[in-house]
Each structure stands twice: as C-alpha cells, then as structure tokens.
Amino acid sequence: MDGFARSVRLFSVGMIGLIGNCDNGCVIGLTTEGVRDCTDFGNSIIDIGELERRQPELVYAFRRYGFLDEGCFYGKGSLRSAYLHVTDRCNMDCVGCYSRSDGRNKTPDLPFADLCAIIDKLASLGIQRLHLSGGEPALRCDLCAIAEHAKKAGITWVDLATNGLLAFSDFDLDRLSACIDDVFVSVDGLPDGANRRIRIESSKQSQLRAICILRSNGLNVTMLPTIHAKNIDDIPTYLNLADKLKVRISFSMLSCSACNRNLEDLGFTKKDLLRIAHFLDIESARGGKKPVLSARLSCGAGKTMVSVSADGGVYPCHMLQAPEFCIGNMLHDPLVKIVESHVRQEFLDLTVESVEECSSCTYAYLCGGGCRARAFAEEGLLKKDPYCRMLQEHYANVVRRIEETFGG
Ligand code: SF4
Ligand code: SF4
C-alpha cells in the first residue's frame, strides 16, 4: 500500500517545510509544492506514481533514505548500543555521578565469565557500540580482557568512561589501545583553579595527567567536563584546553537528580540554560562547520540502546536504572523475554507525541522531547525535559544558521 513509513513526519520550522525520517534522522527540505504533494501523498489523495511524476527527485531521495518502506523502526532488531557497568565499585564519591547510589561499593563484581556471557548476548542482539562504565571500570584488573572479548564478539566500537584518577601508567596501554576506541575522561576542574564542586580538589591534575598518558600511548581521548551553574563561563577555557591537549571534548550536564541532592546552588536557572546553548552553538560552528538537522521522535532509551547494571540488570538507559524500569536480567532471563518485555514496549511507544507539553513545539521532530531521564528525575517520565529552554534555543540557532547558510 502507498504511504510513508511510520517513522516519517512532515513538519515546518519557521519558513522551512521539512520531511524527516525519524528512524535514521534524515531530513529533506521541501518547496511549497513539495509540502503540498507530500501532504497529498500522506493523505492518500495521490499515489506514488503521481508523486513521482510531480516530484521525481524527491521520490528518488525517499526511496534511497527509507521514507517509503517500514525498515526496522525501533523493532526487535533495532538495538545498536549498550552501556555495560563492569563494576559498581568506585574510588570516588562524586555528587554529580549518574550512577551514584546507596549500594555503591557494596555489590560484588560479576566474574569475568559472566561479563563475557553478557557481552555475547548483547552482540547477538545486534549491539555495535559498547560503552564500558561503572563505578570506575579501571578498578577491574581484567578490563583489557573484557574489551578484547567485546571486539572478538564482533562489537565494532568499544569505549570506556573513567574518572582518570587511577594510574593508567600501570595498565598495558598497548593492549588497551588495541581494543578501546575512545576513552572518556571526566574533568571538572581547570588547571588555573576555576570553580569546582564535583570531585575532591586534588583530582584535576591527576585527570589531566591521565589524559596525557593515554594520548601519548596512542589512545583516542575525549575530555568530559561536567557543566553546572558555577562553571558555565569556563566552557571556552575547556574548549581551548582540549585543543591544546589535542583531544576531543564533550560536555556532560549535571544531572537533575544530582541537582535535587543537596546541590541546589549548582542547578541551572533558565538564564544559565540560555548561556550554555550560546556557548555550545559557538562550539558547533567552530572551524566553519555547517549546521546539521536530524529528525527524531525520541531519544534512544529502550529503543536503540539499553544499559546493563553491575549485577546484570537491563534498563532502557544508564540514567534510568530505577527498579520500575528494569527490563530483565542478562544472566537469568532469555533474550526474547528482555526484548519483548512490557517495559521495553512502553519505551518503544514513548515519543515526543506522548509528552503533552512538547506536542505543540516547533522543534518537536528535531528535539524528540529531549531527555526522558532528566524529565523523570524532575517531574515525571511524560513531562517536559527540564533543560527544554536550552534545547529550544539550540534548535532556533541551528535553524537560523541553516537559513543563513542555504538562503532560507
Ligand atoms: S523538550 Fe522543549 S524543545 Fe524539546 S520538544 Fe519538548 S518543548 Fe520542544
Ligand atoms: S533518557 Fe536521556 S540519557 Fe537516556 S538515552 Fe535518552 S537522552 Fe540519553
């Protein structure tokens, strides 16, 4: 039967008519006639033959980028990435940690063989990107063997999140660099002593030293500063530091659950969120980078990603590891039970269209409703992302740059 795939949405932002495939992110700009013809096709007023006669180039692009067939659209085979918490132990007690819990340092590590079994199951589900996290993964002396096993299982991308405070010089870094594609090192202090509250004061030099050691041994490194209300103005300095150290940089925003936990003064005001959007947009335009739009109905939680906790529990996302979101256990449950669980089904059905406050937003099909974990931590899973002001400003800036770059 003629028609667009279920993941396709026709929408407009400002003066631009757009059609997006929210399964793969592809967005196509439409002329006024294109909007009219796509609307007619979507409403079955014209068939594909007539649409092709009127818009041959558009139909060529629709066929090429999956706008007409169903594809996988978040079905059983759609899982692409997973977090694997290889330990719950940590040598720190950071207030902003997403995985902080009362059980920290109490859950025993899973044996190596169990982790390998979990990795094999993740690979059989189609996982291609594995994020090794914790706790502090470098506390496991078999970390290299775990990453090597993931590569042998056919997982193409394996990265590692670390607080950078353990002596990486003690690791076999040649071996690590052969099986780890990127190391994310948390950094939340600058060498000049800028404001910091997340970790202990002595950590910043160790973190920078870890970055240098890893880089000089050929590992790819991404610096990961945590942004909170007191260090927003440090963003440009972090960017310069990353350039100087020749590493990539990505920013982590202090989580709302952390803000709710005796850290009110580090939580963001609306003005803070606008300032962050401003800095991040400067960064995204650095080096003449062209603005890019991507269509989405939601984030990947439970759809394209899952998170496995240190005891084998499976959750939709590393930020949603609460008992009510447990999908199953990798060690005890058959995979089919996990993939088809009712909790996963709820996340498969959860889109920006389920969030009432987002339904009339101009940027709904670009933003996808932001982060469900932040919404859950603040007011509820079906509420608006509390960092919405930053997202709106960001998408407004991207659209403005697109209009400037491509002439509206
Ligand atoms: S979170 Fe904000 S920017 Fe994103 S879709 Fe909802 S209302 Fe729009
Ligand atoms: S809930 Fe938030 S952290 Fe989790 S996948 Fe979605 S955007 Fe990412």
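Residues numbered from 1 in each chain as written. Chains lettered and ligands numbered in written order. Predicted model: local features only at pLDDT ≥ 70, side-chain atom pairs only at ≥ 80, totals over all residues.

Asker: Please give an account of the overall build of the protein chain that cites residues and values.
Answerer: Scanning the protein chain from N- to C-terminus turns up 15 helices and 13 strands. For the protein chain, the C-alpha radius of gyration of 22 Å lies close to 22 Å, the compact-globule estimate for 408 residues. Looking at the protein chain residue by residue over its 408 residues, the buried ones come to 42%. Of the contacts made within the protein chain by residues no fewer than 6 positions apart, 69% connect residues no fewer than 24 positions apart. (Helix = DSSP H or I, 4+ residues; strand = E, 2+ residues; numbered from the N terminus. Rg over C-alpha atoms; globule rule 2.2 N^0.38 Å. Buried ≥ 20, exposed ≤ 12 C-beta atoms within 10 Å, placed from the backbone. Contact = placed C-beta atoms within 7 Å.)

Asker: Which residues make up the site of ligand 2, and what values do they have?
Answerer: All residues adjacent to ligand 2 are Cys299, Gly300, Ala301, Met305, Cys317, Met319, Leu320, Cys371, Arg372 and Ala373. Across the shell around ligand 2, the residue classes break down as eight nonpolar, one polar and one charged. (Near = placed C-beta within 6 Å. Nonpolar A, V, L, I, M, F, W, Y, C, P; charged D, E, K, R; others polar.)

Asker: Residue-level account of the environment of valine 183, with values.
Answerer: By secondary structure assignment, the location of valine 183 is in strand S7 (residues 182-187). For the pair formed by valine 183 and methionine 92, sequence separation is 91 residues and the distance between their alpha carbons is 18 Å. Those residues in contact with valine 183 that sit more than four places away from it in its chain are Asp159, Leu160, Thr162, Leu214, Leu219, Asn220 and Val221.

Asker: Please provide a residue-by-residue account of the pairing of strand S1 (residues 8-13), values included.
Answerer: As paired elements, S1 and strand S2 (residues 16-21) share six bridges and run antiparallel to each other. Residue pairing in the sheet places serine 12 in a bridge with glycine 17 of S2. What sits between S1 and S2 in their antiparallel hairpin is a turn of two residues, with glycine 14 showing a positive phi close to 60°. (Pairing = 2+ DSSP bridges.)

Asker: So what's going on with the site of ligand 1? Which residues, and what values?
Answerer: The environment of ligand 1 is formed by 14 residues, the closest being Cys358, Cys361, Cys367, Gly370 and Cys388. Listing elements by their share of the shell around ligand 1, those giving two or more residues are helix H13 (364-367) and helix H15 (388-406). Looking at the shell around ligand 1, the element that brings in the most residues is H15, giving three residues. For the shell around ligand 1, the residue count by class is eight nonpolar, three polar and three charged.

Asker: Quick rundown of the sheet that holds strand S3 (residues 27-30)? Include the residues and the values.
Answerer: The antiparallel open sheet is built from three strands, whose spatial order is S1-S2-S3. Because the sheet does not close on itself, it has two edges, and the strands there are S1 and S3. Across the sheet, the mean angle separating the axes of adjacent strands is 25° when strand polarity is ignored. (Axes fitted to C-alpha atoms, helices over the stretch in contact; angles between N-to-C directions.)

Asker: Report on the packing of helix H4 (residues 112-124) against helix H5 (residues 143-152), specifying residues and quantitative values.
Answerer: Axis separation between H4 and H5 bottoms out at 10 Å; the angle between their running directions is 25°. When the axes of H4 and H5 are compared, the pair comes out roughly parallel. When the axes of H4 and H5 are compared, the crossing they make is right-handed. Residue-level contacts link Phe112, Leu115, Cys116 and Ile119 of H4 to Ala145, Ile146, His149 and Ala150 of H5. Here the residues of the contact of H4 with H5 are counted per class, giving seven nonpolar, one polar and no charged. (Parallel < 35°, antiparallel > 145°, perpendicular 65-115°, else oblique. Left-handed = near helix turned anticlockwise from the far one by under 90°.)

Asker: Let's hear about the pairing of S7: which residues, and what values?
Answerer: The side chains of a regular strand alternate between the sheet's two faces. Among the six residues of S7, five are classified as buried, and the element is accordingly described as predominantly covered. Each parallel crossover has a hand, and the one from strand S6 (residues 157-162) via helix H6 (residues 173-179) to S7 is right-handed. Looking at chain direction, S7 and strand S8 (residues 221-227) are connected through five bridges and run parallel. For valine 185, the partnering residue across the bridge sits in S8 and is methionine 223. (Right-handed = clockwise from strand over helix to strand, strands pointing away.)

Purely geometric numbers; function is a separate question.
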